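So the chains spell out like this:
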Amino acid sequence: MLEHVRIDKMVNGGYGLARLQNGKIVLVEGAYPGEEALIKTFREKKDFAFGKVVSLIKESEDRVKPPCRYFGRCGGCHWMDIRYEKQLLYKKEIVEDLFERMKLDVEVEDVEPSDLVFHYRTKMEFHLQGKRLGLKRRGSDFVIDIRSCEVAPEGTGEILEIVRKAVQVLNIPVYNRLTRKGVLKHVVIRYAFSTDQLMVIFVTKTESFPWGKSLVQAILKDIPKVHSIIHVMNSKDSVVLRGPYRTLYGEGVIVEEFDWEKFQIPPTAFFQSNYSVTSKLIDHVYRELDLQGNEVVLDLYAGIGTFSMRTSYSSARVIAVESSRVAVKAGKANANVNGRRNIEYIESDVLDFLKSYQGRADKVILDPPRSGAGLDVMKEILRLSPERVVYVSCEPSTLVRDVQFLQNEGYSVVRVKPFDMFPQTYHVETVVTLVKGER
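The shown structure was predicted, so the numbers you read here are calculated from the model rather than taken from an experiment. (Residues numbered from 1 in each chain as written. Predicted model: local features only at pLDDT ≥ 70, side-chain atom pairs only at ≥ 80, totals over all residues. Heavy atoms only, no water.)

### Here's the deal with the overall build of the protein chain
For the protein chain, the count of helices and strands is nine helices and 22 strands. Counting the 439 residues in the protein chain, one finds 56% classified as buried. For the protein chain, contacts bridging at least 24 residues in sequence account for 62% of all contacts bridging at least 6. Total accessible area on the protein chain stands at roughly 19,200 Å², and carbon and sulfur atoms take up 47% of it. Where the 64 positive side-chain charges of the protein chain centre and where its 59 negative ones centre are 7 Å apart. (Helix = DSSP H or I, 4+ residues; strand = E, 2+ residues; numbered from the N terminus. Buried < 20%, exposed > 50% of the residue type's maximum accessible area, 1.4 Å probe, protein only. Contact = heavy atoms within 4.5 Å. Areas by Shrake-Rupley, 256 points an atom, 1.4 Å probe, with all protein chains shown as cover. Lys, Arg positive; Asp, Glu negative; His and termini not counted. Charge placed at Lys NZ, Arg CZ, Asp CG, Glu CD.)

See below:
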């Protein structure tokens, strides 16, 4: 049954919120505030439903023609058909809505824009499925064959075409998720914007990859600028970049440089996906810590030291806690490269570390995965009673949950600043600054 609805606002997940004739909330994919559409509901919950647009009756004047021929089929981008200025506004409204729903009275600043809105990503993960090499549909494991990508680094389409042909010519067995048979699973491209270094990564189920040398030759023949080519061995399907790796060609790392820091990035280590926004983010976190030079700072979920490096210049000591062995090794190397002697790297689960830590924690940086830090971690931070907490989040719903706990326990939110780490999508990076006891 089709229903005529009017979109009221955007909500987390990139949905347009509307109401059905019976008053029930419906979250609509592919529709924007002010638009009217005929929709079909496809999943019913107790308090709300999900809907898809069948036809638009009234379109937003802010709609634009998406430059990508795969938009609407590929799940990589969600908002490429709306003006960039509106994307920024909607992201701010999403963050505001989540804070309001948790009854947190805060002022959300305007979203910091990205310098690049296309070809901005520092990492892209492509999947193989049969003869297809590309990206998945939204909410599906079906792979769309991609010949070019408007958010990937320039030249990505050329690399994919070389690999696609080589897989056929060399008869490389493509991995099948259903049967768990085959070899080649993913092709990952990483790019360092500041140094123009390009890394190509082949992810396989098996340790053996006898086609590696031939793939290296095929890529370098047409794209000699490639800096490193890597083979990652990953038998698990839950995550793309995990497991032991070996260098097939080049140095095995790419280097990204900022105003004060230089970072060596290994193949499987996490690093932010947008160079210009990462630079702004590092500056912002550093300023918000309000360092006086004598503090002990805990950098939790520290990665390869993205925030630790800058922080160490104006603090007595930085304790960087990270569970990934690859990231910890890279973080130590980066501290040496940057001449930072006051960063102590600890390989540990963050909660396990906090439960045993009895030292000072004057300031805390949090940059957890999408699931958030969680209440157990927040309780341990409360026990340490830092003067200031700077929380960096890629998922505003879990951010608001964690912030609410600290606010209920005597911390005040003094700043909420979103950053557009992912143009053309509904995702938003948000930084919240909390201060102990300030009202």
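### A few points about the layout of surface pockets
Where empty space is left can be seen by rolling a probe of water-molecule size over the atoms. Considered as a void within the structure, the second largest pocket measures approximately 560 Å³ in volume. Lining the second largest pocket are 24 residues; nearest its centre among them are Glu29, Gly30, Lys52, Gly72 and Arg138. For the lining of the second largest pocket, the secondary-structure elements that each account for two or more residues are strand 5 (36-44) and strand 6 (48-58). Its residues assigned to classes, the lining of the second largest pocket shows 11 nonpolar, six polar and seven charged. (1 Å grid on protein atoms, 1.4 Å probe; cavity = no way out; pocket = protein on both sides within 12 Å on 5 of 7 lines; lining within 4 Å. Points joined across faces, edges and corners; volume = space filled by probe spheres on them. Nonpolar A, V, L, I, M, F, W, Y, C, P; charged D, E, K, R; others polar.)

### What to know about the side chain of Thr311
Turning to its location among the elements, Thr311 is positioned in helix 5 (residues 308-312). Once you skip the residues sitting within four places of it in the chain, Thr311 turns out to touch Tyr286, Leu289, Leu291, Val297, Val318 and Ile365.

### Considerations on the UniProt feature "domain: TRAM" (unreviewed entry) in the protein chain
Look at the UniProt record and you will see "domain: TRAM" (unreviewed entry) annotated at residues 1-55. A distance of 13 Å separates the end C-alpha atoms of residues 1-55, which is 0% helix and 64% strand. (UniProt positions renumbered as here; feature names shortened; annotations may be inferred.)

### A closer look at helix 6 (residues 325-337)
With 13 residues, helix 6 should reach 18 Å at 1.5 Å per residue; the first-to-last C-alpha distance of 18 Å fits that figure. Among the residues of helix 6, Ala327, Val328, Ala330, Gly331, Asn334 and Ala335 are the ones counted as buried. End-on view of helix 6: buried residues confined to an arc of 165 degrees, all on one side of the axis. Those residues of helix 6 that are exposed and angled more than 90 degrees off the buried face are Arg325, Lys329 and Asn336. Each element contacted by the buried residues of helix 6 is listed here: strand 15 (262-265), helix 5, strand 17 (317-322) and strand 18 (343-347). Taken from the residues just after helix 6, Gly339 is the one with a positive phi, measuring 65 degrees. (Expected span 1.5 Å × (residues − 1). Arc of directions from axis to C-beta.)

### Points about the UniProt feature "binding site: S-adenosyl-L-methionine" (unreviewed entry) in the protein chain
In the numbering adopted here, UniProt assigns the feature "binding site: S-adenosyl-L-methionine" (unreviewed entry) to Gln272, Tyr301, Glu322 and Asp367. Checked against the element boundaries, Tyr301 lands in the loop between strand 16 (296-300) and helix 5. A residue is classified by how much of its surface remains accessible, and Tyr301, at 19% relative accessible area, is buried. Tyr301 has contacts with Val321, Glu322, Val350, Leu366, Asp367, Pro368, Pro369, Ala373 and Val377, leaving out every residue within four places of it along the chain. Its location among the elements puts Asp367 in the loop between strand 19 (363-366) and helix 8 (375-384). Those residues within four positions of Asp367 in sequence are excluded, and the remaining contacts are Gln272, Leu300, Tyr301, Phe307, Val392 and Glu429.

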